[in-house]
Structure formats: C-alpha cells, structure tokens
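Listed here are the chains, written in short residue letters.
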Amino acid sequence: MSLKILQEDNGSKILIITPLFTGHKISGETKTTIKRNKISYTWVSYMSEMKHAANVQKGLNSYRKKTGGITPPYVMVLDRDIILSRHAIDKMFDVIEKSDKNVGWVYCPFEYKGHINISFPAQEFDINKLLKGNYISSNSLYKISMVDRVGGFVTETEMNRLSDWAMWLKCYKFGYIGKVCPQASFIAISTKDDISAGSSNEYSTTRELVVERYIKPLMDQMKGS
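A. Layout of the pattern of salt bridges. Following the criterion strictly, the structure yields 5 salt bridges and no others. The shortest N-O distance in the salt bridge between Glu156 and Arg213 comes to 2.8 Å. One end of the pair, Glu156, is in the loop between helix 5 (144-149) and helix 6 (163-173); the other, Arg213, is in helix 7 (residues 200-224), and 57 residues separate them in sequence. For Glu156, a relative accessible area of 26% translates into the label partly exposed. For Arg213, a relative accessible area of 37% corresponds to the partly exposed category.

As structure tokens, then:
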C-alpha cells in the first residue's frame, strides 16, 4: 500500500486522488488533460490490492496523516484512464464554489469508449431517477466537509462495481444533493478488465445489495419525513 505525491501546490483548492490497483499506471492522456486547468491542486495516487473506493478513502486518510490533517476544501476522484475536456476541473470548481450548502458534490457528463461504448449526457440531480439507477460517475468533485459528515466514501468490498451509486444515495440520506456541470465532460477509456465491464450476474448481485442496504432504507426515510 502506498501514497504517491504527483503534484503538491501551496494553497491548493483541490486534492485530486487517483486510486490504483497494484501494477496499474496512470495514462499519459490523463496526465496531459489534467494539466489543462488553472486551478491550484495537489494530485496524489494511492496503490494497493484493495478495491477502487477503498483506495480513494485510503488516499485521503494517508494524505491527511502526512499533512497533520490539513487538506484542501475539495477532493476530486480521478481514475487513471480519464480524458478530461479542456478546463473541466476549473469549470467544476466554479460551480461548486457558488453552490448552496446542501450541494455536496459536482458532476459532469461523460462517456465510455473502448470495450464499452455508452454516453451519459448532462442530467440535473433527481433523487427519483437516482433511486432507479445511477447516471453519475465517481469522477466528481466533492466538498470534503460532506465526505467527512457522511462518514467517508462507500468502501464495502461487495459494493465495488456500484460504490459510486451507493455513495450518492448515502449522501442524499444525510441531506446532500449533487449539481451537474454541463460545461465540463470526460471520456473514460474502457477495457475488459474495468469494474464497469464485469459480468451481468455480478451487476445484478451488487444491485440487489444496493437496493437492500441503501435504497430501501432511504425510501423508508423519505416516506417518514
């Protein structure tokens, strides 16, 4: 398990975390497109045999340990194979800076290219739509205060493929919503080894867990409010 500092700026506004499975590398396109932003950021990666979301949380915990608990006010998850549109992070930052207190994260439209080819256009946050299925990527910009208040990222091993969906439902349970930034976007290069390219049986099993652990309790809460 290891934390690696890829870039560290004084007065950074954003802590970018790239989760890596042991042996994986960050693509050259990701490195290039992240530089096309003006915002001051610190970029770290965390590599281990753990799953995606667990490495995100470990990256955050390890960076805090290194800095004595000091972090930028925002944290962004950025996978190793993401091609950002120009100034995507700058644009998402502008949206989250101007957002209301109940906005916990900002997301943008995206598409998979490669083994899987599918696009997710810009859609406003809608809890009823989210209860039926996920349309928001984990590659989003989060308020660190929200991440702390909800108890961190969803890191349950069996949630690996749908941990982002579970995270949004968890955030809503605590009173937070997301806000879309249609001016930004990204492309995720898909391979047969990606989380998103798992079997249909695996997806169905994980979906059932999300329904039992997150959707049903949330719906009960909504009915009682």
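B. Structural detail: the packing of aromatic side chains. Tallied over the full model, the rule gives 11 aromatic pairs. Taking 5.8 Å as the distance between ring centres and 85° as the angle between the ring planes, the aromatic pair formed by Phe110 and Tyr112 counts as edge-to-face. In this structure an aromatic cluster arises from ring pairing among Trp105, Phe125, Tyr142, Phe153, Trp168 and Tyr172. The cationic tip of Lys129 hangs over the ring face of Tyr135; the distance from NZ or CZ to the ring centre is 5.7 Å.

C. Examining the sheet that holds strand 1 (residues 2-7) more closely. If you trace the 7 strands from one edge of the open sheet to the other, you get 1-3-2-4-9-6-10, paired in mixed fashion. Edge positions in the sheet fall to strand 1 and strand 10 (177-180), since each has one partner strand and no second. Shown here is a sheet whose adjacent strand axes are inclined to one another by a mean of 25°, direction ignored. In this sheet, strand 3 (residues 41-48) lies alongside strand 1 in antiparallel orientation, the contact comprising 5 bridges. Pairing of Ser2 across the sheet is with Met47, part of strand 3.

D. Looking closely at the side chain of Thr18. Here Thr18 lies in strand 2 (residues 14-21). In this structure Thr18 comes out as buried when scored by relative accessible area, which is 0%. Here Trp43 takes part through its side chain, which lies 2.8 Å from a polar atom of the side chain of Thr18. Among all residues touching Thr18, those that are not within four sequence positions of it are Ile26, Trp43, Val44, Ser45, Tyr46, Leu78, Asp79 and Arg80.

E. Representation of the pairing of strand 10. Burial along strand 10 is one-sided: Gly178 and Val180 are buried, and none of Ile177 and Lys179, which face the opposite way, are. Examined bridge by bridge, strand 6 (residues 103-107) and strand 10 share 4 bridges and lie parallel to one another. Bridge pairing in strand 10 places Trp105 opposite Gly178.

F. Representation of unusual backbone geometry in the model. Its identity as a non-glycine residue notwithstanding, His87 has a phi of 60°, on the positive side. In this fold, His87 is placed in the loop between strand 5 (82-84) and helix 3 (88-97). On the accessibility criterion, His87 (26% relative accessible area) is partly exposed.

G. Helix 2 (residues 52-67), seen in detail. The terminal C-alpha atoms of helix 2 lie 23 Å apart, and with 16 residues this matches the ideal 22 Å at 1.5 Å per residue to within 8%. Residues of helix 2 that are buried: His52, Ala53, Ala54, Asn55, Val56, Gln57, Gly59, Leu60, Tyr63 and Arg64. Tucked inside the fold, the buried residues of helix 2 contact strand 1, strand 2, strand 3, strand 4 (74-77), helix 5 and helix 6. Taken from the residues just after helix 2, Gly68 is the one with a positive phi, measuring 70°.

Criteria and thresholds
- Counting restarts for each chain, with residues numbered from 1 along the sequence as it is written.
- In view of the model being predicted, local features appear only for residues whose pLDDT reaches at least 70, and side-chain atom pairs are presented and counted only at 80 or more, with totals across whole chains, interfaces and linings using the full set of residues.
- For side-chain calculations, the full set of non-hydrogen atoms in the structure is used, while hydrogens and water are omitted.
- Salt bridges, as used here, are contacts in which a Lys or Arg side-chain nitrogen is within 4 Å of a carboxyl oxygen on Asp or Glu.
- Helix numbers and strand numbers start at the N terminus; a helix is a DSSP run of H or I with at least 4 residues, a strand a run of E with at least 2.
- Partly exposed describes any residue whose relative accessible area lies between the buried limit of under 20% and the exposed limit of over 50%, with all areas from a 1.4 Å probe on protein chains only and scaled to the type maximum.
- A pair of Phe, Tyr and Trp rings is counted when the ring centres sit within 6.5 Å of each other, with Trp represented by its six-membered ring. The angle between the planes then sorts it: under 30 degrees is stacked, over 60 is edge-to-face, the rest tilted.
- Placement of a positive charge over a ring is assigned whenever Lys NZ or Arg CZ falls within 6 Å of the ring centre and within 35 degrees of the normal to the ring plane.
- Here, strands pair whenever DSSP counts at least two bridges between them.
- To get an axis, fit a line to the C-alpha atoms, keeping to the stretch in contact for a helix; angles then go from 0 to 180 degrees between the N-to-C directions.
- Two N or O atoms form a polar contact when they lie within 3.5 Å of each other; inside protein one atom must be a possible hydrogen donor and the other a possible acceptor, and for residues adjacent in sequence the pair counts only when both atoms belong to side chains.
- Throughout, a contact is declared for two residues whenever any of their heavy atoms are within 4.5 Å.
- The span expected for a helix works out to 1.5 Å for each residue beyond the first.

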